[in-house]
Amino acid sequence: MGQCIGPVASSLCSERVQSNGQRERGSATMAVTTEQLQAVLRGFLEEGNRAVSRSDCDAVGRRKEAWDAAHAIASAVVLGLQKHIPEVLASAVLVKGRDCMEHCQALSSGGNGIVAAVIVRITVDEAIGEFATRSRIGSMM
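Parameters and conventions
- Residues numbered from 1 in each chain as written.
- Predicted model: local features only at pLDDT ≥ 70, side-chain atom pairs only at ≥ 80, totals over all residues.
- Heavy atoms only, no water.
- Helix = DSSP H or I, 4+ residues; strand = E, 2+ residues; numbered from the N terminus.
- Buried < 20%, exposed > 50% of the residue type's maximum accessible area, 1.4 Å probe, protein only.
- Contact = heavy atoms within 4.5 Å.
- Core = buried A, V, L, I, M, F, W, Y, C linked by side-chain atoms within 4.5 Å.
- Phe/Tyr/Trp six-rings, centres within 6.5 Å; stacked < 30°, edge-to-face > 60°.
- Salt bridge = Lys/Arg side-chain N within 4 Å of Asp/Glu carboxyl O.
- Disulfide = S-S within 2.5 Å.
- pLDDT = per-residue confidence, 0-100.

## As for the overall build of the protein chain
Part 1 of the reasoning: From N to C terminus, the protein chain includes three helices and eight strands.
Part 2 of the reasoning: Element order for the protein chain, N to C, with α for helix and β for strand: β-β-β-β-α-α-β-α-β-β-β.
Part 3 of the reasoning: By residue count, 28% of the 141 residues in the protein chain fall in the buried class.
Part 4 of the reasoning: Partitioning the intrachain contacts of the protein chain with sequence separation of at least 6 by distance along the chain shows that 55% fall at a separation of at least 24.

Below, the structure is given as structure tokens:
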């Protein structure tokens, strides 16, 4: 549940597929297809699952539950952007292991302990999303 607004939101209309296979929505070509994005998110889930399975046996259940919830939030945000304003997605890549530190230095951890990250680049300066929890508490991000 939610909506995205931004400079390109008003250009949304029916999707077309060009002769070269690229999808087009409005006047802008989609740089990242839903299938590509799902593959990146699937890799992200698998990396997290591997990290959880290597953890202390007593904590695996709790860590798996926490990882599944974290992955669900990340997936919902990125797939929501893809669904509502796909033309703003310039790229989406999965980075793993030591490569995460380069992309995650701004975190308080400095990127230490990050096993995987999905790096999404957008073509606009700002895209505002609105979402609500099951209890209907709304928020913007």
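More follows now that the structure is in view.
## Considerations on the nonpolar core
Part 1 of the reasoning: Among the nonpolar cores identified, the biggest contains 10 residues, and these are Val-32, Leu-37, Leu-41, Val-78, Leu-81, Ile-85, Val-88, Leu-89, Ala-92 and Val-124.
Part 2 of the reasoning: Those residues within four positions of Leu-89 in sequence are excluded, and the remaining contacts are Ala-31, Val-32, Leu-37, Leu-81, Gln-82, Val-120, Arg-121 and Ile-122.
Part 3 of the reasoning: Listed in part, the five residues of the second largest apolar core include Cys-100, Cys-104, Ala-117 and Ile-119.

## Overview of the packing of aromatic side chains
Part 1 of the reasoning: In this structure the tally under the stated criterion is one aromatic pair.
Part 2 of the reasoning: An angle of 65° between the planes, with centres 5.0 Å apart, marks the rings of Phe-44 and Trp-67 as edge-to-face. Here the residue Phe-44 occupies a position in helix α1 (residues 34–53), and Trp-67 occupies one in helix α2 (residues 60–84), the gap between them amounting to 23 residues. Across the pair, Trp-67 and Phe-44 agree in class, each one buried.

## Some details on the pattern of salt bridges
Part 1 of the reasoning: A complete count under the given rule lists three salt bridges for this structure.
Part 2 of the reasoning: Measuring nitrogen to oxygen at the nearest pair gives 2.5 Å for the salt bridge that ties Glu-47 to Arg-50. Pair noted here: Glu-47 and Arg-50 are both in helix α1, with a separation of three residues, about one helical turn.

## What about the state of the cysteines?
Part 1 of the reasoning: Under the criterion given, the structure shown has zero disulfides.
Part 2 of the reasoning: The thiol of Cys-100 is unpaired, and the distance to the nearest cysteine sulfur, on Cys-104, comes to 5.3 Å.
Part 3 of the reasoning: With a relative accessible area of 9%, Cys-104 lands in the buried category.

## Topic: the side chain of Ser-75
Part 1 of the reasoning: By the element assignment, Ser-75 lies in helix α2.
Part 2 of the reasoning: Look at Ser-75 and you get buried, because its relative accessible area is 10%.
Part 3 of the reasoning: If sequence neighbours within four positions are ignored, Ser-75 has contacts with Leu-41 and Gly-80.

## Some points on the confidence of the model for the protein chain
Part 1 of the reasoning: Per-residue confidence for the protein chain gives a mean pLDDT of 77; residues scoring 70 or more make up 75%.
Part 2 of the reasoning: When mean pLDDT is compared element by element in the protein chain, α1 scores highest at 93, while strand β2 (residues 15–17) scores lowest at 41.
Part 3 of the reasoning: A low-confidence stretch, residues 1–19 stays under pLDDT 50, and its non-local contacts, those more than four residues away or across chains, total 49 contacts.
Part 4 of the reasoning: In this model residues 23–28 is a low-confidence stretch, pLDDT under 50, and it forms 25 contacts with partners more than four residues away in sequence or in other chains.

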